[in-house]
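Architecture and fold: a report
Next come the chains, spelled out residue by residue.
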Amino acid sequence: MDEAVDVRQETLAGQLGWLLQDRRQRRGWSQHQLAERAAISQQQISRFERGALGVTAGLADRLFAELGLRLRVDVEAAEGPLDEMIDRVRAELAERQRMVLADFRLLTVLSKPGFAYVIDGTAAALLQGVPVAARRIDLLVAEAELDLLAAWVYVVPGLRRRNERHRDFSRYDIDPRDAGPLWWGTALVELKVRLVAELPRPVLVTVAEADGDEHRVAVRALPAVEADFAEVARVLSRLRAR
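This next bit is on the overall build of the protein chain. In terms of regular secondary structure, the protein chain is built from 11 helices and 8 strands. The C-alpha atoms of the protein chain give 18 Å as radius of gyration, which agrees with the globular expectation for 242 residues (18 Å, within 12%). Seen along its three principal axes, the alpha-carbon backbone of the protein chain occupies a region of about 50 × 40 × 30 Å. Burial status across the protein chain gives 46% buried among its 242 residues. Counting only contacts in the protein chain whose residues sit at least 6 apart along the sequence, the fraction spanning at least 24 positions is 63%. Surface accessibility of the protein chain: about 12,600 Å² in total, with carbon and sulfur atoms responsible for 50%.

So, on to helix H7 (residues 93-107). A rise of 1.5 Å per residue sets the reference length of H7, with its 15 residues, at 21 Å; its end C-alpha atoms lie 22 Å apart and thus fit the reference within 8%. Buried within H7 we find Arg 96, Gln 97, Arg 98, Val 100, Leu 101, Phe 104 and Leu 107.

Another point: the pattern of salt bridges. One pass over the structure, following the stated rule, counts 18 salt bridges. A salt bridge links Asp 138 to Arg 136; the nearest nitrogen and oxygen atoms lie 3.0 Å apart. Judged by its relative accessible area of 8%, Arg 136 falls in the buried class. One salt bridge in this structure joins Arg 220 and Asp 228, with 3.0 Å as the shortest N-O distance. Residue class for Arg 220 comes out buried when judged on its relative accessible area of 12%. Members of the salt-bridge network, linked through shared partners, are Asp 22, Arg 23, Arg 26, Arg 135 and Glu 231.

On to the packing of aromatic side chains. Note on aromatic pairs: each is described by the distance of the centres and the angle between the planes. Following the criterion strictly, the structure yields 4 aromatic pairs and no others. Measuring from ring centre to ring centre gives 6.4 Å for Phe 115 and Tyr 117, while their planes differ by 70°; the resulting arrangement is edge-to-face. Judged by centre distance (5.8 Å) and plane angle (75°), the ring pair of Phe 115 and Trp 152 falls under edge-to-face. Taken as a pair, Phe 115 in the loop between H7 and strand S1 (117-120) and Trp 152 in helix H9 (residues 146-153) lie far apart in primary sequence, 37 residues in all. Taken as a pair, Phe 115 and Trp 152 share a single burial class, namely buried. Members of the aromatic cluster, each reached through a chain of ring pairs, are Phe 104, Phe 115, Tyr 117 and Trp 152.

In this structure, Gln 97 sits in helix H7. Look at Gln 97 and you get buried, because its relative accessible area is 15%. Within polar-contact distance, the side chain of Gln 97 engages the backbone oxygen of Leu 126 at 2.9 Å. Leave out the neighbours within four places in its chain, and Gln 97 touches Leu 126, Leu 127, Gly 129 and Val 207.

This part is about unusual backbone geometry. Its identity as a non-glycine residue notwithstanding, Ala 39 has a phi of 60°, on the positive side. Judged by relative accessible area, Ala 39 falls into the exposed class, the value being 67%.

Inspection of the secondary structure puts Thr 122 in helix H8 (residues 121-127). Relative accessible area serves as the criterion here: at 4%, Thr 122 is assigned to the buried category. Excluding its chain neighbours within four sequence positions, the residues that come into contact with Thr 122 are Val 132, Ala 133, Ala 134, Arg 135, Arg 136, Glu 231 and Val 232.

This part covers the packing of helix H2 (residues 12-26) against helix H5 (residues 57-66). With their axes 10 Å apart at the nearest point, H2 and H5 run at an angle of 15° to one another. Between H2 and H5, the angle is such that the two are roughly parallel. Crossing of H2 against H5: the hand is left-handed. Contacts between H2 and H5 involve Leu 16, Leu 19 and Leu 20 from the first element and Ala 60, Leu 63 and Phe 64 from the second. The residue inventory of the contact of H2 with H5, partitioned by class, reads 6 nonpolar, no polar and no charged.

What counts and what doesn't
- Residues numbered from 1 in each chain as written.
- Predicted model: local features only at pLDDT ≥ 70, side-chain atom pairs only at ≥ 80, totals over all residues.
- Heavy atoms only, no water.
- Helix = DSSP H or I, 4+ residues; strand = E, 2+ residues; numbered from the N terminus.
- Rg over C-alpha atoms; globule rule 2.2 N^0.38 Å.
- Buried < 20%, exposed > 50% of the residue type's maximum accessible area, 1.4 Å probe, protein only.
- Contact = heavy atoms within 4.5 Å.
- Areas by Shrake-Rupley, 256 points an atom, 1.4 Å probe, with all protein chains shown as cover.
- Expected span 1.5 Å × (residues − 1).
- Salt bridge = Lys/Arg side-chain N within 4 Å of Asp/Glu carboxyl O.
- Phe/Tyr/Trp six-rings, centres within 6.5 Å; stacked < 30°, edge-to-face > 60°.
- Polar contact = N/O pair within 3.5 Å; in protein donor to acceptor, adjacent residues only side chain to side chain.
- Axes fitted to C-alpha atoms, helices over the stretch in contact; angles between N-to-C directions.
- Parallel < 35°, antiparallel > 145°, perpendicular 65-115°, else oblique.
- Left-handed = near helix turned anticlockwise from the far one by under 90°.
- Nonpolar A, V, L, I, M, F, W, Y, C, P; charged D, E, K, R; others polar.

Structure representation (structure tokens):
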């Protein structure tokens with residue numbers, strides 16, 4: 001089973017929050033868009049996805065129904081998959097950090113981005129030492145850099161855009177100025193971009209290569225990543241409990 005699917009939290013609210021965030025992002029919807037459709041506040045969506053909102057069956061059904069989904073109930077042994085994933089990633093932490101760097105290099109093999117960016121999401125957390133499975137490269141890019149982003153994605157070899165209908169990377173209209181999620185993939189790497197009015201001040205982390213070379217990378221500060229990414233919040237919560 002994929003490590004991203006294995007990520008769990010001990011509480012039902014945590015599991016539902018992760019599922020909602022994952023399915024919402026797959027549709028390319030923002031929290032604000034889902035909140036408008038469900039007639040609740042964006043803050044409630046944020047708290048739900050973090051597992052911080054008291055969950056009722058009616059609210060959960062309503063939110064997933066807006067995404068065209070229906071909840072099913074199952075049970076599993078306590079303290080299983082999440083702890084196993086944490087221990088597995090922790091044992092391979094340095095290698096996995098190098099893999100994130102290698103994945104980003106695959107995207108920049110022909111042309112380096114001509115714009116400023118900050119690595120976000122599970123990749124940013126992993127590079128800061130959190131034993132979480134990084135599924136893709138998430139980037140924050142300033143809205144003013146959209147044209148430069150568009151110029152760059154056209155030179156990335158084999159890049160295709162996510163097709164939400166088919167849940168794969170089969171679209172050829174890769175220009176980020178066209179409608180659709182800012183989510184692309186090659187045969188080896190996924191890239192997801194979030195445009196922001198202004199880049200946050202990054203944290204610089206050092207990744208050591210196997211040959212001893214070191215590289216500094218700009219990542220988003222861990223507290224901000226934890227607030228926005230349920231996978232990271234669950235792992236940190238479990239680590240604190242342990």
